[in-house]
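Single-letter residue listing:
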Amino acid sequence: MKQIYLSRENIYNGNLILVNARYPYRDVAVPDMTSMDDCFPEILLKQEAAKALQSILKKISADGAIVPVSGYRSLEEQTEIFNSSLTENGEEFTRKYVALPNHSEHQTGLAIDLGLNQPEIDFIRPDFPYEGICNAFRKAAPDFGFVERYQKDKEKITGISQEPWHFRYVGYPHSKIMYEHRFSLEEYTDFLKSFRVHNKYAMDVFEIYYIPYSDISERKDVTALLPEHSAFRISGNNVDGLIVTERID
């Protein structure tokens, strides 16, 4: 069996961390990021997410029709955006569309706002309609690890109004499961808690399960959970535990 050791700090990093008004971003390490488009070198994502985004755009032959508007933001940048929106747009608008500092997915390096390539692009609410090339992106995204994060009729769950332009990288197969069930990340985080090492969730060549916070000591040997020749990923959920994704083929 594989020998890996986990600490409770692992709960706060990974592709599946839930960041919202209730659960702040707590990973203090600066993400390892890259630009996904040479024309927009200042817009950054984590490398894995950037590569997946490039693959989607290539798949749908976007050819510059879709452009990145906002990617990774530091705490300072998020604070400035929030305060500027309060001044320019008022509190009601800002609470709907701009997350509080340390409660924004953009600080993770896993979120991207996209827009149609137009002469004028609204930074807070870029145009990304449910038709044409934008909808082609939306339909292809789950096959590459991205989901539309803030959907219609999920506002009471996410705390954010519908944002057709905001996409979040969670990785495959999680994106596909979320898409097929129409889960928000909040709902998916709760859904996975039903699956443990002896009752895994299976999809395609993957098995997924949850390790609760209470099972993780400072040096918890979870060797017994991971077969010697399995490929696996581990992500915290930023709430109360870890999610293990094993590839079993």
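So, the sheet that holds strand S6 (residues 146-150)
The strand order across the open sheet formed by four strands is S4-S5-S7-S6, and the pairing between neighbours is antiparallel. Single-partner strands in this sheet number two, and they are strand S4 (66-70) and S6. The sheet shows a mean angle of 45° between the axes of neighbouring strands, taken without regard to direction. As defined by bridge partners, S6 adjoins strand S7 (residues 163-169) across four bridges and the pair is classed as antiparallel. By the bridge assignment, Val 147 is partnered in S7 with Arg 168. Lying on the sheet, helix H1 (residues 47-59) is in contact with S4, strand S5 (111-116), S6 and S7; it crosses S6 at an angle near 100°.

Details of helix H7 (residues 185-192)
For H7, the complete set of buried residues consists of Leu 185, Glu 186, Tyr 188, Thr 189 and Leu 192. All buried residues of H7 fall inside an arc of 165° around its axis, so they share one side.

With respect to the environment of Thr 108
Along the polypeptide, Thr 108 turns up in the loop between helix H3 (91-97) and S5. Taking relative accessible area as the criterion, Thr 108 reaches 1% and is therefore assigned buried. Each C-alpha atom of the pair Thr 108 and Trp 165 lies 17 Å from the other, and the pair is 57 residues apart in sequence. Among the polar contacts made by the side chain of Thr 108, one reaches the main-chain carbonyl oxygen of Glu 105 at a distance of 2.6 Å. Here Leu 110 takes part through its backbone nitrogen, which lies 3.0 Å from a polar atom of the side chain of Thr 108.

Section: the nonpolar core
Leu 53, Ile 112, Leu 114, Phe 128, Phe 137 and Phe 146 are the most contacted members of the largest nonpolar core, which totals 31 residues. Broken down by secondary-structure element, the contributors of at least two residues to this core are H1, helix H2 (75-89), H3, S5, helix H4 (132-140) and S7. In terms of residue count, H1 provides more of this core than any other element does, six residues in total. The contacts of Phe 128, once residues within four sequence positions are left out, are Ile 66, Leu 114, Gly 115, Leu 116, Cys 134, Phe 137, Arg 138, Pro 164, Trp 165 and Phe 167. In this structure, Leu 16, Tyr 23, Leu 185 and Met 203 belong to the second largest nonpolar core, which totals 17 residues.

Some details on the pattern of salt bridges
Following the criterion strictly, the structure yields 14 salt bridges and no others. In this structure, Asp 143 engages Lys 176 in a salt bridge whose closest nitrogen and oxygen atoms are separated by 2.8 Å. In this pair, Asp 143 sits in the loop between H4 and S6 while Lys 176 sits in helix H6 (residues 174-181), placing the two residues 33 residues apart along the sequence. Take Asp 143: its relative accessible area is 41%, and that puts it in the partly exposed class. Where salt bridges share partners, they join Glu 105, Arg 149, Arg 168 and Glu 186 into one cluster.

Here we look at the packing of aromatic side chains
Applying the stated criterion across every chain, the model contains 13 aromatic pairs. For the pair Tyr 97 and Trp 165, a centre-to-centre distance of 6.1 Å together with 40° between the ring planes defines the contact as tilted. With Tyr 97 in helix H3 and Trp 165 in strand S7, the pair connects residues that are 68 residues apart, well separated along the chain. For the pair Tyr 97 and Trp 165, a shared accessibility class is recorded, and that class is buried. Relative to Phe 191, the ring of Tyr 188 lies with its centre 6.2 Å away and its plane at 20°, an arrangement referred to as stacked. Of this pair, Tyr 188 and Phe 191 both sit in helix H7, three residues apart, which is roughly one turn of the helix. By relative accessible area, Tyr 188 is classed as buried at 1%. Three or more aromatic residues joined by ring pairs form one cluster here, namely Phe 183, Tyr 188, Phe 191, Phe 195 and Tyr 201. Its guanidinium or amino end placed over the ring of Tyr 97, Arg 125 lies 5.0 Å from that ring's centre, counting from NZ or CZ.

How each quantity is defined
- The numbers attached to residues start from 1 for each chain and follow its sequence in the written order.
- Reporting in this predicted model follows two pLDDT cut-offs: at least 70 for local features of residues, and 80 or more for side-chain atom pairs to be given and counted; totals over whole chains, interfaces and linings ignore these cut-offs and use all residues.
- For the side-chain quantities, the full set of heavy atoms in the structure was used; hydrogens and water were omitted.
- A pair of strands counts as paired when DSSP detects no fewer than two bridges linking them.
- Labels follow the DSSP assignment, with helices taken as runs of H or I lasting at least four residues and strands as runs of E lasting at least two, numbered in each case from the N terminus.
- Between N-to-C directions, angles span 0 to 180 degrees; the directions come from axes that are lines fitted to C-alpha atoms, helices contributing only their stretch in contact.
- We call two residues in contact whenever any of their non-hydrogen atoms come within 4.5 Å of each other.
- Any residue under 20% of the maximum accessible area for its type is buried, any over 50% is exposed, and the rest in between are partly exposed; the area is computed with a 1.4 Å probe on protein chains only.
- Picture the helix axis, draw a direction to every C-beta atom, and the arc is the one those directions span.
- What qualifies as a polar contact is a pair of N or O atoms within 3.5 Å, subject to a donor-acceptor requirement within protein and to the restriction that residues adjacent in sequence count only when both atoms come from side chains.
- For our purposes a nonpolar core is just a set of buried Ala, Val, Leu, Ile, Met, Phe, Trp, Tyr and Cys residues, chained together by side-chain atoms within 4.5 Å.
- Throughout this description, the term salt bridge denotes a Lys or Arg side-chain nitrogen within 4 Å of a carboxyl oxygen of Asp or Glu.
- What counts as a ring pair is set by centres within 6.5 Å for rings of Phe, Tyr and Trp (its six-membered ring), and what kind of pair is set by the plane angle: stacked under 30 degrees, edge-to-face over 60, tilted for all other angles.
- Any Lys NZ or Arg CZ found within 6 Å of a ring centre and within 35 degrees of that ring's normal is scored as a charge over the ring.

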